[in-house]
Protein chains: 4
Amino acid sequence: MDIPRVVKPNDVLLKIPCAGICGSDIHCIKNKWLIKDNVVLGHEFAGTVVDIGPEVTNVKAGDRVTAAAGTHCHHCRFCHRGKPHLCPTGGSANYNGLFRDGAWADYCLVENSQLFKISDDITFEVGALMEPMSCVLHSFSIYSPLQDSASILIAGSGIIGLLKASVLHYKGFRDITICEPMQGRRDIAKNCQLSGLKVADPSEIIEKYTDIDTSLDGYDLIFDSTGSSKAFEDYFPLLRKGATYMMFGICPPKAKSSISPYDLLNKEVKILSSNTECNTHMDAVSLAENMARDGKLDLEKLGVKSYPLEKYETALKDLTNATISKAMLTV
Amino acid sequence: MDIPRVVKPNDVLLKIPCAGICGSDIHCIKNKWLIKDNVVLGHEFAGTVVDIGPEVTNVKAGDRVTAAAGTHCHHCRFCHRGKPHLCPTGGSANYNGLFRDGAWADYCLVENSQLFKISDDITFEVGALMEPMSCVLHSFSIYSPLQDSASILIAGSGIIGLLKASVLHYKGFRDITICEPMQGRRDIAKNCQLSGLKVADPSEIIEKYTDIDTSLDGYDLIFDSTGSSKAFEDYFPLLRKGATYMMFGICPPKAKSSISPYDLLNKEVKILSSNTECNTHMDAVSLAENMARDGKLDLEKLGVKSYPLEKYETALKDLTNATISKAMLTV
Amino acid sequence: MDIPRVVKPNDVLLKIPCAGICGSDIHCIKNKWLIKDNVVLGHEFAGTVVDIGPEVTNVKAGDRVTAAAGTHCHHCRFCHRGKPHLCPTGGSANYNGLFRDGAWADYCLVENSQLFKISDDITFEVGALMEPMSCVLHSFSIYSPLQDSASILIAGSGIIGLLKASVLHYKGFRDITICEPMQGRRDIAKNCQLSGLKVADPSEIIEKYTDIDTSLDGYDLIFDSTGSSKAFEDYFPLLRKGATYMMFGICPPKAKSSISPYDLLNKEVKILSSNTECNTHMDAVSLAENMARDGKLDLEKLGVKSYPLEKYETALKDLTNATISKAMLTV
Amino acid sequence: MDIPRVVKPNDVLLKIPCAGICGSDIHCIKNKWLIKDNVVLGHEFAGTVVDIGPEVTNVKAGDRVTAAAGTHCHHCRFCHRGKPHLCPTGGSANYNGLFRDGAWADYCLVENSQLFKISDDITFEVGALMEPMSCVLHSFSIYSPLQDSASILIAGSGIIGLLKASVLHYKGFRDITICEPMQGRRDIAKNCQLSGLKVADPSEIIEKYTDIDTSLDGYDLIFDSTGSSKAFEDYFPLLRKGATYMMFGICPPKAKSSISPYDLLNKEVKILSSNTECNTHMDAVSLAENMARDGKLDLEKLGVKSYPLEKYETALKDLTNATISKAMLTV
């Protein structure tokens, strides 16, 4: 494949050592989501700057960087109101790996505004986790503040659920339950060794709440990374009064969830959602550096495994079998 | 009926000149909602103080007052976190007119913490509207801030929808559509003479959005006072990206609404809800006084009509026929 | 003077019919503030698009527009955290009229991200007010929410104080006092005919509070547009408990204000500040359109007067003498 | 001394094993602050319930509890707007130990709304720290959200500064500097063994920033627990653009601090303050339980030491000499 070239004044060319496989990539491959034809996939990546356009001042050749995948138009109603991630021609509508060539390749071309330097404390593999980490922090900024004693249910123990649990634990929350139907994923969660973390099969959770008045004793936060419309139906009734349901997983576009508008009102709960990232990447890097220094961002424990690019089918299989939580493709 | 008597140190006895009929009262009567047996209904009221307990200092005999209907325990998890309206033994669980005797009577006994003095600019009829007004402000505080240019859909043109439109108009919003299936209610809305207000039948709204990309051109706020689970399904798809759905109407307890969790996430919208009132009654009085002085709180235009207490069946019939938006019972 | 030319892909050339004189312009002229040598002043402007660069899609030749004066780098810590107005190489550090040529000229070159279309309801003079209007809304977004019953003191009755009063009145606030030492400016404020507005000399205000416990009966919001370090000292003690002091005026760089840190804590008040604008220009245009349609943005009443460009010294004199609140230069 | 007796329906009598000495107690003793004559001091306490009034349902005899020191009137403008700690007849105006008898005694009478049960994981000494812990969390709720990468200066290394550092560290912040002039207090801070914590003398901090552009490289948060008006003057210039100064220490009532209103505006910084506690006590207990279980709330490391009640003069001397950060009086 041809190496892309710096053309525009703010272009930056990155040499890519590794890039993550996101659940959405699998959707793109399997379900033929609407993305650009023949685009190179890969929107979770870090790398080394090898060339810059004439107006680039924030990075220089040789810098180790992580990248947000989207750019922004700077002139639409969303950009002009501080929500550039919803920009109709930017954000995920212009992601590397969806609508511009991504990072499952030796090189990737980005705009300088996408880049964040990473310290030597951080490996490229951790750097390639900054996009999901930033998305996780974006959701945090949407439902904050969260009381210190919050009872938290994390639905889904993929890499998003695990990062979420790790970040919340690092921020001092201790009443966290991960709920996951796949045994392999539950095993990874248990292996994370987060003090106080409870790991459960959905049936246990549902059963536990059969005879409980959830308005008083339910969860204060349910973070749903399942991508299952059924999960939303199952977990929504478990909210305590005043609580928040945070939708993070991407459900099938035509799926519907059936919920009680009476409960919604009676408990005065909120249903929020979090789409990609907004103003959180820089803090994701900072947080990851702190966690890494404290030994709290151990990729092996988190179930992150690296594969040579050509073995991506093996990686997909391991993901499907839940022996890993995240595959990194290395080149 | 016996006149209730001041017993506790903070009790206050009110002489009641008028009290509103709330949609929930009709539910209580028709559908036998779970309220206290033989309770006197009426949770929207104003009156004159006639007696006070020995520890009452904030009001005295002769004061004209409006009242919040609920009290609070001051020691539960909700009271201790600034959400006393969710208190399991307070808030609506201890409302006058639901679980304590209410104001469809000559006298009503309340706690001093429920009371707010009203100026002579305000009639008792306006005073009896302060409970719904405060609920409307409570919802405002939950979804705020709302950008000045927000495109707003108010679903339902009962008194709540009309108060909502009036308050938003008074606060400078001009892109407001009221959507209502009943001709009589639409007529009342038109009669309110709010500059720029659009009044539509639901079919017009649905049709208008058939060929529109609502993610870019939908509503920024949908305020749902319909109490219809179907309305939630119909209007939810009309949200613009980043927008808010505010559930205010009380749907049947067993009804379900079927919504798309993909849209929820893809548009990054919020579904919020607003249950009764919290810390808003004092401002409701202040706002109502300002609006009244400016001629912007005209009960006749709003479709509010007074009936002698013994004619409450006529009042209910007029409400059902949508020739009025709110009935006040006078004694 | 040469007409500037479109060079960069996102450049837009505007024909300028009028531009405002800002208090900061006068500082620049009199006190030789640090701005670019020989820069053309004028950062409050509207105009007509006459030429666009090849990547501009949001405006086209012939469009009537208003402009934010600053651009942003999109990659600094402030841009990456949603505060681009604090960008060290953008925001006011790259304002037209300070560090790039501004609009006291026939033409002005801007970046497409600075532009907002205005409807035909809005004159260019009103369009040229959108920069200060947006700054006023920026301050609103910082101290919001403000309770409906808030008691508000606006210190200074220049155009900023008058716009602030007009906007707050349009948003439903009625307990507003403008405090201003110059008779001419007080006369303009009175002439605005905002219902309920109180206009006072500072001595009256200070005297009024001599014997009052301000912790209970002071102001809930003090908006300081005086640019006087002494005013801050005088008005700060007038805050009620829980209130907010919003610093908006630009004081001399070396001036100090002496305040009581005990009062700060004991009353638990906030001292906030508002620098230029951030994500508010689009709403300023929308709000101005609504106000103009309602007859609530009458430039003559507000004391705004237009002068031919060559008469700018007369304009400055009228400003100094307080016979006007704002001068517009027309070409 | 006579044992107080349960009189009112919501009274609760506590047996007090220990109570803290607060800096404000020392002010009361030395400077004759305006408190109730002959009041028993002590507003930081935990204890065991020994008697309850007839309407008390949230605790029973034998319960181990911690207490907020204030009650509230429930009907003033502050109580009715969710800020009961500012209540003119409640909050600190009705604190045990200031205006009602406090806990430097065998028994203390409180209202049931003040009480929070503590688990057996928590000693009474830790329980008696919940009042300052809650105040620390109250300040956190006021300046939140705080970005993960925030650069934080804590001015003052008394128990408040140390608790603040401990809580922020537990919540994942790692760029924290404690600045303290007394060697003994600095030693206690170092002994806390918080990873990454920097401990400095004020002169080092001031010197460090002599040649630095603080608008870009200053602190994002300065938490001032010094009680010194001079400290406010010294540290205020060290704020980065967009940053927050949180005033927590009680300065002498007549002291003034001289700050630059130009800097305030130019950097768009906030000056906030935090007075006692509001809706945070329950979370303080929860957070303390979590920290204690993780070994992150070690009273010895924090410099907390217990003394028999009759040795309170020794305790005061040790506090003055900075060999301890907090004295607990035991009975």
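Criteria and cut-off values
Residues numbered from 1 in each chain as written. Chains lettered and ligands numbered in written order. Predicted model: local features only at pLDDT ≥ 70, side-chain atom pairs only at ≥ 80, totals over all residues. Heavy atoms only, no water. Helix = DSSP H or I, 4+ residues; strand = E, 2+ residues; numbered from the N terminus. Buried < 20%, exposed > 50% of the residue type's maximum accessible area, 1.4 Å probe, protein only. Contact = heavy atoms within 4.5 Å. Areas by Shrake-Rupley, 256 points an atom, 1.4 Å probe, with all protein chains shown as cover. Lys, Arg positive; Asp, Glu negative; His and termini not counted. Charge placed at Lys NZ, Arg CZ, Asp CG, Glu CD. Least-squares fit on C-alpha atoms with pLDDT ≥ 70 in both. Phe/Tyr/Trp six-rings, centres within 6.5 Å; stacked < 30°, edge-to-face > 60°. Lys NZ or Arg CZ within 6 Å of the ring centre and 35° of its normal. UniProt positions renumbered as here; feature names shortened; annotations may be inferred. Salt bridge = Lys/Arg side-chain N within 4 Å of Asp/Glu carboxyl O. Polar contact = N/O pair within 3.5 Å; in protein donor to acceptor, adjacent residues only side chain to side chain. Pairing = 2+ DSSP bridges. Buried area = accessible area lost by both parts, 1.4 Å probe. Nonpolar A, V, L, I, M, F, W, Y, C, P; charged D, E, K, R; others polar. Domains from an automatic or database assignment. Disulfide = S-S within 2.5 Å. Axes fitted to C-alpha atoms, helices over the stretch in contact; angles between N-to-C directions. Parallel < 35°, antiparallel > 145°, perpendicular 65-115°, else oblique. Expected span 1.5 Å × (residues − 1).

1. Considerations on the overall build of chain A
- In terms of helices and strands, chain A carries 11 helices and 14 strands.
- If you line up chain A on its principal axes, its C-alpha atoms span 65 × 40 × 35 Å.
- The buried share of chain A, taken over its 331 residues, is 62%.
- Sequence separation of 24 or more characterises 69% of the internal contacts of chain A that already satisfy a separation of 6 or more.
- Split by element, the accessible area of chain A, about 12400 Å² in all, is 50% carbon and sulfur.
- Considering chain A, the positive charge centre built from 35 side chains and the negative charge centre built from 40 side chains are found 2 Å apart.

2. Quick look at the relation of the copies chain C and chain D
- Superposing chain C onto chain D requires a rotation of 180° together with a translation of 0.0 Å along the rotation axis, leaving an RMSD of 0.0 Å. On the angle and the small slide along the axis, the relation comes out as a two-fold axis. For chain C, the minimum C-alpha distance to the rotation axis belongs to C:Ser258 and amounts to 2.1 Å.
- A shared interface surface links the copies, since 100% of the contact residues of chain C are contact residues in chain D too.

3. Some points on the environment of D:Ser228
Residue and element names in this part refer to chain D.
- In this fold, Ser228 is placed in the loop between strand E9 (219–224) and helix H8 (229–235).
- Exposure remark for Ser228: the relative accessible area of 26% places this residue in the partly exposed category.
- When the C-alpha atoms of Ser228 and Ser257 are compared, they prove to be 9.0 Å apart, with 29 residues separating the residues in sequence.

4. Focus: helix H1 (residues 23–31) of chain C
- Taken as a whole, H1(C) has its buried residues at C:Ser24, C:Asp25, C:Ile26 and C:Cys28.
- Buried positions along H1(C) lie against strand E1 (11–20) and helix H11 (312–320) of chain C.

5. Re the packing of aromatic side chains
- Inspection of every chain in the model, using the stated rule, returns 28 aromatic pairs over all chains.
- Measuring from ring centre to ring centre gives 4.9 Å for B:Phe232 and B:Tyr245, while their planes differ by 40°; the resulting arrangement is tilted. One end of the pair, B:Phe232, is in helix H8 (residues 229–235); the other, B:Tyr245, is in strand E10 (residues 239–247), and 13 residues separate them in sequence.
- Taken together through their ring pairs, the aromatic side chains of A:Phe232, A:Phe236 and A:Tyr245 make up a single cluster.
- The side chain of A:Lys171 reaches across the aromatic face of A:Phe140, ending 4.5 Å from its centre.
- Over the ring of B:Phe78 we find A:Lys241; its NZ or CZ atom is 5.2 Å from the centre of that ring.

6. Some details on the UniProt feature "domain: Alcohol dehydrogenase-like C-terminal" (unreviewed entry) in chain A
- Those residues carrying the UniProt feature "domain: Alcohol dehydrogenase-like C-terminal" (unreviewed entry) are residues 160–277 of chain A in this numbering.
- As a span, residues 160–277 of chain A carries 37% helix and 25% strand, and end to end its C-alpha atoms are 13 Å apart.

7. A word on the relation of the copies chain A and chain B
- In screw terms, the move from chain A to chain B is a rotation of 180° and a rise of 0.0 Å along the axis, fitting with an RMSD of 0.0 Å.
- A share of 100% of interface residues in chain A that are also interface residues in chain B marks the association as one of identical surfaces.

8. Thoughts on the pattern of salt bridges
Residues and elements named next belong to chain B.
- In total, this model carries 60 salt bridges over all chains according to the counting rule given.
- Of the charged contacts in the structure, one is a salt bridge between Arg186 and Asp201, with a shortest N-O distance of 3.0 Å. In this pair, Arg186 sits in helix H5 (residues 183–191) while Asp201 sits in the loop between strand E8 (198–200) and helix H6 (202–208), placing the two residues 15 residues apart along the sequence. Take Arg186 and Asp201: they sit in the same class, and that class is buried.

9. Notes on the environment of D:Lys171
- Its location among the elements puts D:Lys171 in the loop between helix H4 (159–170) and strand E7 (176–179).
- Of the residues examined, D:Lys171 reaches a relative accessible area of 9% and is grouped as buried.
- With 21 residues separating them in the primary sequence, D:Lys171 and D:Ala150 have C-alpha atoms 12 Å apart.
- Setting aside chain neighbours within four positions, we find D:Lys171 in contact with A:Asp148, A:Tyr170, A:Lys171, A:Gly172, D:Leu137, D:Phe140 and D:Leu287.
- Only 2.4 Å separates the side chain of D:Lys171 from the side chain of A:Asp148, close enough to count as a polar contact.

10. Some points on the pairing of strand E1 (residues 11–20) of chain A
All names here are of chain A.
- Burial within E1 is extensive, with 8 of its 10 residues counted as buried.
- In this structure, E1 lies alongside strand E2 (residues 44–52), joined through 7 bridges in antiparallel fashion. The residue of E2 that forms the bridge with Leu13 is Asp51.
- Sheet topology places E1 next to strand E14 (residues 326–330); 3 bridges connect them, and they run antiparallel. Looking at the pairing, Ala19 lines up with Leu329 of E14.

11. Focus: the interface of chain C and chain D
- Of the residues lining the interface, 47 residues belong to chain C; the matching set on chain D comes to 47 residues.
- Summing the contributions of chain C and of chain D, the shared interface buries around 3900 Å²; its carbon and sulfur component is 59%.
- Our count for the contact surface shared by chain C and chain D stands at 0 salt bridges.
- One can count 21 residue pairs in polar contact (both at pLDDT 80 or more) joining chain C with chain D.

12. Focus on the interface of chain A and chain B
- With 47 residues of chain A at the contact, the number on the chain B side is 47 residues.
- Between chain A and chain B, roughly 3900 Å² of surface is buried when both sides are summed, and carbon and sulfur atoms account for 59% of that area.
- Between chain A and chain B we count 0 salt bridges in total.
- Summed over the shared surface of chain A and chain B, the number is 21 residue pairs in polar contact (both at pLDDT 80 or more).
- Every element with two or more residues in the side of chain A that touches chain B is listed here: helix H3 (130–143), helix H7 (214–217), helix H8 (229–235), strand E10 (239–247), strand E11 (257–259), helix H9 (261–266) and strand E12 (270–273) of chain A.
- Across the side of chain A that touches chain B, the residue classes tally to 22 nonpolar, 15 polar and 10 charged.

13. Overview of the pairing of strand E3 (residues 64–67) of chain A
All names here are of chain A.
- As paired elements, E2 and E3 share 3 bridges and run antiparallel to each other. Residue pairing for E3: Gly47 is matched across the bridge by Val65.
- Sheet analysis places E3 next to strand E5 (residues 115–117), joined by 3 bridges and oriented antiparallel. The partner of Ala67 across the bridge, within E5, is Leu115.

14. Looking at the side chain of B:Ser24
- Residue position: B:Ser24 is located in helix H1 (residues 23–31).
- B:Ser24 gets classed as buried once you look at its relative accessible area, which sits at 11%.

15. Considerations on the domain arrangement of chain A
All names here are of chain A.
- Per the domain assignment, the segments of chain A are domain 1 (11–129 + 299–330) and domain 2 (135–273).
- Averaged C-alpha coordinates put domain 1 and domain 2 at centres separated by 27 Å.
- Its largest share of buried area at the contact with domain 2, domain 1 owes to Lys301, Leu302 and Ala322, together 47% of the area lost on that side.
- Connecting domain 1 to domain 2 are 0 salt bridges.
- Counting every contact that joins domain 1 to domain 2 gives 2 residue pairs in polar contact (both at pLDDT 80 or more).
- The class makeup of the residues in the side of domain 1 that touches domain 2 is 6 nonpolar, 8 polar and 2 charged.

16. Thoughts on the state of the cysteines
- Tallied over the entire structure, the rule returns 0 disulfides over all chains.
- B:Cys135 forms no disulfide, and the closest cysteine sulfur to it belongs to B:Cys22, at a distance of 8.0 Å.

17. Brief notes about unusual backbone geometry
- Of note, the bond from A:Ser144 into A:Pro145 is cis; its omega dihedral lies within 30 degrees of zero at -5°.
- Relative to the assigned elements, A:Pro145 resides in the loop between H3 and strand E6 (152–155).
- Not every positive phi belongs to a glycine, and B:Asn38 is a case in point at roughly 60°.
- As for its position among the elements, B:Asn38 is in the loop between H1 and strand E2 (44–52).
- Positive phi values are uncommon outside glycine, yet D:His74 reaches one of about 70°.
- Structurally, D:His74 is set in the loop between strand E3 (64–67) and strand E4 (107–111).

18. Quick word on the packing of helix H4 (residues 159–170) of chain B against helix H10 (residues 281–293) of chain B
Residues and elements named next belong to chain B.
- Contact pair H4 / H10: the axes reach a minimum separation of 12 Å and the direction vectors enclose 75°. In this view, H4 runs roughly perpendicular relative to H10, as classed from their interaxial angle. Contacts between H4 and H10 involve Ser166, Val167 and Tyr170 from the first element and Leu287, Asn290 and Met291 from the second.
- When grouped by side-chain class, the residues that make up the contact of H4 with H10 number 4 nonpolar, 2 polar and no charged.

19. Observations concerning helix H4 (residues 159–170) of chain C
Residues and elements named next belong to chain C.
- Under the 1.5 Å per step criterion, the end-to-end length of H4 is 16 Å for 12 residues, consistent within 8% with the ideal 16 Å.
- Among the 12 residues that make up H4, 12 are buried, leaving the element largely enclosed by the rest of the structure.
- The complete set of buried residues in H4 reads Ile159, Ile160, Gly161, Leu162, Leu163, Lys164, Ala165, Ser166, Val167, Leu168, His169 and Tyr170.

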